[in-house]
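Listed below, chain by chain, are the residues.
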Number of protein chains: 2
Amino acid sequence: MDRLSEVFSALADPTRRAILARLAEGEATVNELAEPFPISLQAVSKHLKVLERAGLITRGIHAQWRPCRLDAAPLRGVAEWVTEYRRFWEERYDELGTYLTKIQKEN
Amino acid sequence: MDRLSEVFSALADPTRRAILARLAEGEATVNELAEPFPISLQAVSKHLKVLERAGLITRGIHAQWRPCRLDAAPLRGVAEWVTEYRRFWEERYDELGTYLTKIQKEN
DNA sequence: CGGTTAATCAACCCATAAGTTGAATATGCT
DNA sequence: AGCATATTCAACTTATGGGTTGATTAACCG
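None of the values given here were measured: they were computed from a predicted structure.

Enquirer: How would you summarise the protein's contact with DNA strand D if you had to cite specific residues and measurements?
Expert: Lining the immediate surroundings of DNA strand D are 22 residues, of which Ser40(A), Gln42(A), Lys46(A), His47(A) and Asn31(B) lie closest. The protein-proximal atoms of DNA strand D, defined as those within 4 Å of the protein, are 65% sugar or phosphate. A distance of 3.5 Å separates a sugar or linking oxygen of DNA strand D from a polar atom in the backbone of Gln64(B). Among the elements of the structure, α4 (41-53) of chain A together with α3 (30-34) and α4 (41-53) of chain B are those that each provide at least two residues to the surface near DNA strand D. Looking at the surface near DNA strand D element by element, the count peaks at five residues for α4(B).

Structure follows, in structure tokens:
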């Protein structure tokens, strides 16, 4: 799977996005990350593997802990991709502008 | 599934992103959209359904054709989400700035 | 050394995604 | 009416995702 698909796919899960949001506040261990969720530690561990494969987190080794850190680099690619479409969701304003210009000329 | 997950999920497929790119150039029918891909028309029809459910396209009815149009509105949400992380992939620069400030004070 | 804690591995379940082929629906053309 | 075109529906296969439980590995603590 290409990288962008992998990243989008990793982001397509609320639990994983919540994990990223948590990591935005700083490093955390698997247990710390798992704590807020009503799912098993193993399930969280899988989510972390997905995020890691997508390049969105990196993991250290500190005794028996595996501290996770956010790596937002792949999000840059997402931002670039989505920016290509910006003009389309801003079009509304363009259309409004066009409309206003038009009725202005008509009156 | 929440909207953002649905959108990310829809974007996590190269075929669907290619379809969106094609629609950025203007309306197209299912056959026209399917033409470049080595998969069946039905498969493309399914992809379109996914995009439609995510709110990324709308479909018209014109005789036996179902012209598809891009609706980039949901991408705004994606852009907003990803912007929350911008500082992290730009952090490199911040760190450089901090470093420069620091050595400046030291000397 | 033995027990506790942190995390992963492994096997399994169930639902869904992505593709296929074949049939059905609906519109236009002559 | 009858045929061609555009698209969808339906049934099926195969693979994958997200979850579970139970066992395993590895490090620390007393």
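Right, picking up where we left off after that structure.
Enquirer: Now, about the interface of chain A and chain B: what can you tell me, with residues and values included?
Expert: Each partner contributes residues to the interface: chain A has 29 residues there, and chain B has 28 residues. Together chain A and chain B conceal approximately 2,400 Å² of surface at their shared face, both sides included; 71% is due to carbon and sulfur atoms. It is Arg17(A), Tyr85(A) and Trp89(A) in chain A that bury the most area against chain B; as a group they hold 24% of the surface buried on that side. Applying the counting criterion to the chain A and chain B interface returns two salt bridges. Among the salt bridges present, the one from Arg17(A) reaches Asp2(B), with a minimum N-O distance of 2.8 Å. Where chain A meets chain B, there are six residue pairs in polar contact (both at pLDDT 80 or more).

Reading guide: rules and limits
- Residues numbered from 1 in each chain as written.
- Chains lettered and ligands numbered in written order.
- Predicted model: local features only at pLDDT ≥ 70, side-chain atom pairs only at ≥ 80, totals over all residues.
- Heavy atoms only, no water.
- Near = heavy atom within 4 Å.
- Polar contact = N/O pair within 3.5 Å; in protein donor to acceptor, adjacent residues only side chain to side chain.
- Helix = DSSP H or I, 4+ residues; strand = E, 2+ residues; numbered from the N terminus.
- Contact = heavy atoms within 4.5 Å.
- Buried area = accessible area lost by both parts, 1.4 Å probe.
- Salt bridge = Lys/Arg side-chain N within 4 Å of Asp/Glu carboxyl O.

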